[in-house]
Amino acid sequence: MSEFVLETQGLGITFGGLKALQNLNLQLNKNDLYGLIGPNGAGKTTVFNLLTGVYKPTSGKVFLNGKEITGLSQESINRHGIARTFQNIRLFNNMSVIRNVLVGLHNRSQFHCSALSSMLHTPHYYENERLMRERAKELLRIFDLEDLRNELACSLPYGQQRKLEIARALATNPCLLLLDEPAAGMNPQETAELMNTIRFVRDEFDLTVLLIEHDMSLVSGICDRVTVLNFGTELTHGQTSKVLSDPEVVRAYLGDD
Ligand SMILES: Nc1ncnc2c1ncn2[C@@H]1O[C@H](COP(=O)(O)OP(=O)(O)O)[C@@H](O)[C@H]1O
Ligand SMILES: [Mg+2]
């Protein structure tokens, strides 16, 4: 049995003739802050889509805490403990900030209320609602969004929408958090704050984090180890500072721009 929080063995997917990802072998330890990097089109988001059940792999296996989750549905994988954010932010735009987090909390068994209890609005229902709002506010507080809880999600600036998406992902109580370019569109100060917040939630929620990122200062600032993808295959992996100074990795990036 695998001792890793996340392990992939020979993971791959083909679209038509295009090998978007081939033979990916990831091994993440508990509480890792692990980076997945590489030029545009390298297959990074495809990895997240495979890990979360959006795509079914053409080959290979995925294990979460030693349990195989290959090919399970998105809902089932989320219940097993993987939550994610998206490269293109996906919030419920016309819901309030707090509603977006409550949606995540509703999926948790801790806050589960029977349909009958919900319909009849029993005391249990009201107590449950109150507890969920408290929990949602706590999550928003971590991201400095508590005062904005009644605003519409779409009215927030970009950087705050990214933070709200992370809060909503955390509401599902994951053990593994996948962040797809969390600093995209953020200014340097927001990016620096985000690094601290990611470290804080890793410790506070006892998480393992896999993040895709283009901002190399963020990658070297928080990732202990990284895997580099290029054209759907792994170029190398290892300790972040070593990997980022590898001439082959530098060349892959320069070739991109
Ligand atoms: N659903 C899909 N159908 C066809 N091709 C896809 C699909 N999803 C991703 N791809 C292709 O897979 C490759 C990797 O894409 P992606 O994982 O989004 O790259 P990255 O996130 O590293 O920029 C690209 O060539 C992309 O066009
Ligand atoms: Mg991507």
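Quantities reported herein were computed from a predicted structural model and do not represent experimental measurements.

> Where do I start with helix 3 (residues 97-106) in this structure?
Along an α-helix, residues three or four positions apart point the same way, because every turn accommodates 3.6 residues. Counting buried positions along helix 3 gives seven out of 10 residues, so the element sits mostly inside the fold. For helix 3, the full list of buried residues reads Val97, Ile98, Asn100, Val101, Leu102, Gly104 and Leu105. Where helix 3 is buried, its residues contact helix 5 (123-142) and helix 6 (158-171).

> Help me understand the packing of helix 5 against helix 6, please; the structure alone is not making it clear to me.
Axis angle and axis distance: for two packed helices, these are the angle between their axes and the distance between the axes, and together they describe the pair. Packing of helix 5 against helix 6 brings their axes to within 9 Å, and their N-to-C directions diverge by 140°. On the basis of their axis angle, the class for helix 5 and helix 6 is oblique. The two elements helix 5 and helix 6 cross, and the hand of that crossing is right-handed. Between helix 5, through Ala136, Leu139 and Leu140, and helix 6, the contact on the second element is made entirely by Ala167, Leu170 and Ala171. Looking at the contact of helix 5 with helix 6, its residues break down into six nonpolar, no polar and no charged.

> What am I meant to see in the pairing of strand 8 (residues 176-180) here?
Looking along a regular strand, one sees the side chains alternate between the two faces of the sheet. With five of five residues buried, strand 8 lies mostly within the body of the structure. Where burial is concerned, the two faces of strand 8 agree: the one with Leu176, Leu178 and Asp180 and the one with Leu177 and Leu179 are both buried. As defined by bridge partners, strand 7 (residues 82-84) adjoins strand 8 across three bridges and the pair is classed as parallel. Its bridge partner being in strand 8, arginine 84 is matched across the sheet by leucine 178. The pairing of strand 8 with strand 9 (residues 208-212) spans five bridges and is classified as parallel. Bridging across to strand 9, leucine 176 finds its partner in threonine 208.

> What should I look at first to understand the domain arrangement of the protein chain in this one?
When the parts of a complex come together, some accessible area is lost, and that lost area is often used as the size of the interface. Splitting the protein chain by domain gives domain 1 (1-81 + 174-257) and domain 2 (92-173). Here the C-alpha centre of domain 2 lies 27 Å away from the C-alpha centre of domain 1. Those elements that provide at least two residues to the side of domain 1 that touches domain 2 are strand 8 and helix 7 (188-204). A total of three residues in the side of domain 1 that touches domain 2 trace back to one element, the largest contributor, which is helix 7. Considering only residue class, the side of domain 1 that touches domain 2 consists of seven nonpolar, three polar and one charged.

> Mind showing me how you'd approach the site of ligand 1 here?
Every residue near ligand 1 is listed here: Phe15, Leu18, Ala20, Gly38, Asn40, Gly41, Ala42, Gly43, Lys44, Thr45 and Thr46. At the level of secondary structure, the elements contributing two or more residues to the shell around ligand 1 comprise strand 2 (18-24) and helix 1 (44-51). Here the residues of the shell around ligand 1 sort into four nonpolar, six polar and one charged.

> Explanation requested: the sheet that holds strand 7 in the structure shown.
The strands that make up a sheet pair up through hydrogen bonds in the backbone, lying either parallel or antiparallel. Taken in spatial order, the six strands line up as 7-8-9-4-10-11 in an open sheet, and their pairing is mixed. Each edge of the open sheet is held by one strand with a lone partner, namely strand 7 and strand 11 (233-239). Here the average twist between neighbouring strands, direction ignored, is 20°. Strand direction decides the pairing type here: strand 10 (residues 225-230) and strand 11, joined by six bridges, are antiparallel. Bridge pairing in strand 11 places arginine 225 opposite glutamine 239. Packed onto the sheet, helix 1 meets strand 4 (33-37), strand 7, strand 8, strand 9 and strand 10 and runs at close to 145° relative to strand 8.

Rules used in this analysis
- Residues numbered from 1 in each chain as written.
- Chains lettered and ligands numbered in written order.
- Predicted model: local features only at pLDDT ≥ 70, side-chain atom pairs only at ≥ 80, totals over all residues.
- Buried ≥ 20, exposed ≤ 12 C-beta atoms within 10 Å, placed from the backbone.
- Helix = DSSP H or I, 4+ residues; strand = E, 2+ residues; numbered from the N terminus.
- Contact = placed C-beta atoms within 7 Å.
- Axes fitted to C-alpha atoms, helices over the stretch in contact; angles between N-to-C directions.
- Parallel < 35°, antiparallel > 145°, perpendicular 65-115°, else oblique.
- Left-handed = near helix turned anticlockwise from the far one by under 90°.
- Nonpolar A, V, L, I, M, F, W, Y, C, P; charged D, E, K, R; others polar.
- Pairing = 2+ DSSP bridges.
- Domains from an automatic or database assignment.
- Near = placed C-beta within 6 Å.

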